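Listed below are the residues making up each chain.
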Amino acid sequence: MPTSDVITWATTGVVADAAALLSDRDVLYSGAARATGLDDPLELRLAAEGDRIPVCLRRCALDRQLAGAEQGIPALRKWTAYGSTALRVQAAPECWIHARDWIHDSAGAEFERLFVSAMARQGIGEHARPSQVTPDDEIRISRAMLLLDELVPEIAASVLPFVHQIVVLDSPIPSLYLTQVPETVFVSAATVHGDTLGLADALLHESLHEKMAVLRLTRRLMRPVYTDEHSARVLLPWSLAYATPRWFNAGRVICAAHVYVHLAVLHATALRAGHPERTGCDPQTVRRRLTTAVERGGFLLGSLELDSVRREFGPDGLVLHRELTRMLAVLRDALPAGLVGNLQTWQATSQPEVHT
Amino acid sequence: MNYKLAEGIQYRPLSIRGRFLVFTTTPVRVLQIDAGSVLLLKLFESGLIGDELVARYAQLRKKDVLDARRELAHRARDLAGAGLLEELPAPAPPRALSRQGIPVREEA
């Protein structure tokens, strides 16, 4: 595990080929720059060797222009490149990911203001603040990257190039990504100081969201007039125990399925490989995480079969659903019988398209 | 085919064969379209209209004229719906003229 088929589905084709997606992203932003009169991010491609942040910032500016205005966002991000420790991702030698210390650089205040405003809009602003990155953090993040390279090298090479910086947060939320701060993964200090496989899981999880963001930009994932606000929604059965049960729109369901199926591959590989001294966790923990990923991935993919949800997708969304379903089926077939026999299943409940 | 192009149309091919991104400037918009729609927009750009446009499209797509006309009507409606084409007001019917070429007064 992973088998060659799983690797093929996860890394090639219209919905998974990282090189094609990144190239199409560049095509999109170059065209958008010409249409809007803003600077083309590609002009900085060579100048920004080793640090892709200025290029990312130009893409941010274009995102905002294409979104049709400021919509309550106070200002364009004006921060520029600054010193940081670059972590070479062995799985993708052309990709450097930077552990950012936003507390101790001149751009930190501007960034933090934007970051906090984005978080506040989601109602979690007060629960997350950038934390000082220590040399120990950097070692731990490097170790997690190397573990990804060891366990799922092809998948890591196909996902990590979508991320350019890692920010450590002082937060109870284990990890997160923000569409307003693209190509960036946020992990909590607790996650960084937890087991290596847990940190690798968080980095892969959030990087997959960044890959999905490019998929949504450059592929026909959803039907032409789809909006998150008006989409059919699916109740997450594992959230029934939460204070507020969670409903996911169709776009979010496929994003979550994309994450869980890949995490299932990671944990299935880790379970088979063993090496608790490298993963930092015992087999029971790996088994529990694998079970969660397989159960939730299976539920989400199943819920995408519902007519009311399925019709929200465009042709590439349907291809992605098919590829993820195939991946999970092959993965389940390779799991230990004792684990498969105890998997929980749920019946999907959907709420049809919301009309306002 | 009574349409005109939206402003600032430009195209960029994607890595997927036959798919393009199309950009307009007023308003700024990005959409994904297929090669047939790009061809239609380019024919509009070249100034072709009416039967000439249909004939050229049919020739380039290797279709018969009837099929081409049906396909173009469908594509044009979709492109107009997406804001890439603007529908022009239908031309006024020719006014009746007297034998001397003087417009005939229309009754209210």
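Our subject is the structure listed above.
Not measured: the values here are computed from a predicted model.

(A) Region of interest: the overall build of chain B. On a plain count of helices and strands, chain B comes out with three helices and five strands. Counting the 108 residues in chain B, one finds 34% classified as buried. Intrachain contacts of chain B at a sequence separation of at least 6 include 43% that bridge at least 24 residues. For chain B, the accessible area works out to roughly 6,900 Å², and carbon and sulfur atoms hold 54% of it.

(B) Here's a closer look at the overall build of chain A. When helices and strands are tallied, chain A shows 14 helices and nine strands. Scored against the burial criterion, the 356 residues of chain A give a buried share of 54%. Pairs at least 24 residues apart make up 71% of the contacts formed inside chain A by residues separated by at least 6 positions. Accessible area for chain A stands at about 15,000 Å²; split by element, carbon and sulfur atoms hold 53% of it.

(C) Broad picture of the environment of Ala-334 of chain A. Residues and elements named next belong to chain A. Looking at where Ala-334 falls in the secondary structure, it is placed in the loop between helix H13 (315-333) and helix H14 (337-341). What makes Ala-334 partly exposed here is its relative accessible area of 31%. In the structure, Ala-334 is positioned 66 residues away from Ala-268 in sequence and 8.7 Å away in space, judged by C-alpha atoms.

(D) The pattern of salt bridges, seen in detail. Here the structure, examined in full by the defined rule, presents 22 salt bridges over all chains. One salt bridge in this structure joins Asp-26 of chain A and Arg-25 of chain A, with 3.6 Å as the shortest N-O distance. This pair shows no difference in class: Asp-26 of chain A is buried, exactly as Arg-25 of chain A is. Arg-70 of chain B serves as the salt-bridge partner of Asp-67 of chain B, at 3.3 Å between the closest nitrogen and oxygen. Taken together, the positions of Asp-67 of chain B and Arg-70 of chain B, both in helix H3 (residues 65-81) and three residues apart, correspond to about one turn of that helix.

(E) Representation of the interface of chain A and chain B within the structure. Taken together, the contacts link 16 residues of chain A with 14 residues of chain B. Of the roughly 1,400 Å² buried where chain A meets chain B, counting both sides, 60% is carbon and sulfur surface. Among the residues of chain A in contact with chain B, Val-27, Ala-35 and Arg-220 of chain A are the three that bury the most area, contributing 34% of the side total. At the boundary of chain A with chain B, the tally comes to one salt bridge. Linking chain A with chain B are four residue pairs in polar contact (both at pLDDT 80 or more). Residues belonging to the side of chain A that touches chain B are distributed by class as follows: seven nonpolar, four polar and five charged.

(F) The sheet that holds strand E9 (residues 350-351) of chain A, seen in detail. Residues and elements named next belong to chain A. The three strands lie next to each other as E8-E7-E9, forming an open sheet whose pairing is antiparallel. A single partner strand is all that each edge strand has here, and the edge strands are strand E8 (247-249) and E9. Note that strand E7 (residues 233-235) and E8 share three bridges and pair antiparallel. Pairing of Leu-235 across the sheet is with Trp-247, part of E8. Lying over the sheet, helix H9 (residues 250-273) contacts E7 and E8, oriented at roughly 95° with respect to E8.

(G) Focus on the sheet that holds strand E2 (residues 10-13) of chain B. Residue and element names in this part refer to chain B. Spatial ordering of the open sheet is given by E2-E3-E4, a layout of three strands whose pairing is antiparallel. Looking at which strands have only one partner, the edges of the open sheet turn out to be E2 and strand E4 (28-34). Geometrically, the sheet is characterised by an average inter-axis angle of 25° between neighbouring strands, direction not taken into account. Across four bridges, the pairing between E2 and strand E3 (residues 19-25) is antiparallel. Directly across from Gln-10, in E3, lies its bridge partner Phe-23. Contacts from helix H1 (residues 35-45) reach E2, E3 and E4, with the element oriented near 120° to E4.

(H) Representation of the nonpolar core. Leu-203 and Leu-300 of chain A are the most contacted members of the largest nonpolar core, which totals 78 residues. A total of 15 residues in this core trace back to one element, the largest contributor, which is H9 of chain A. Residue assignment places this core across two domains, with domain 1 (1-219) and domain 2 (221-356) of chain A each supplying three or more. With near-sequence residues (within four places) excluded, Leu-300 of chain A lies in contact with Leu-236, Trp-238, Val-253, Ala-256, Ala-257 and Tyr-260 of chain A. Judged by nonpolar contacts, the second largest core, of 24 residues, contains Ile-33, Val-38, Leu-43 and Leu-85 of chain B.

(I) Representation of the pairing of E3 of chain B in the model. All names here are of chain B. Counting buried positions along E3 yields six of seven residues, so the element is predominantly enclosed. Relative to E4, E3 is paired through seven bridges, and the arrangement is antiparallel. From the neighbouring strand, Phe-20 faces E4, where its bridge partner is Ile-33. Where E3 hands over to E4, the hairpin turn is made up of two residues, counted between the paired strands.

Reading guide: rules and limits
Residues numbered from 1 in each chain as written. Chains lettered and ligands numbered in written order. Predicted model: local features only at pLDDT ≥ 70, side-chain atom pairs only at ≥ 80, totals over all residues. Heavy atoms only, no water. Helix = DSSP H or I, 4+ residues; strand = E, 2+ residues; numbered from the N terminus. Buried < 20%, exposed > 50% of the residue type's maximum accessible area, 1.4 Å probe, protein only. Contact = heavy atoms within 4.5 Å. Areas by Shrake-Rupley, 256 points an atom, 1.4 Å probe, with all protein chains shown as cover. Salt bridge = Lys/Arg side-chain N within 4 Å of Asp/Glu carboxyl O. Buried area = accessible area lost by both parts, 1.4 Å probe. Polar contact = N/O pair within 3.5 Å; in protein donor to acceptor, adjacent residues only side chain to side chain. Nonpolar A, V, L, I, M, F, W, Y, C, P; charged D, E, K, R; others polar. Pairing = 2+ DSSP bridges. Axes fitted to C-alpha atoms, helices over the stretch in contact; angles between N-to-C directions. Core = buried A, V, L, I, M, F, W, Y, C linked by side-chain atoms within 4.5 Å. Domains from an automatic or database assignment.

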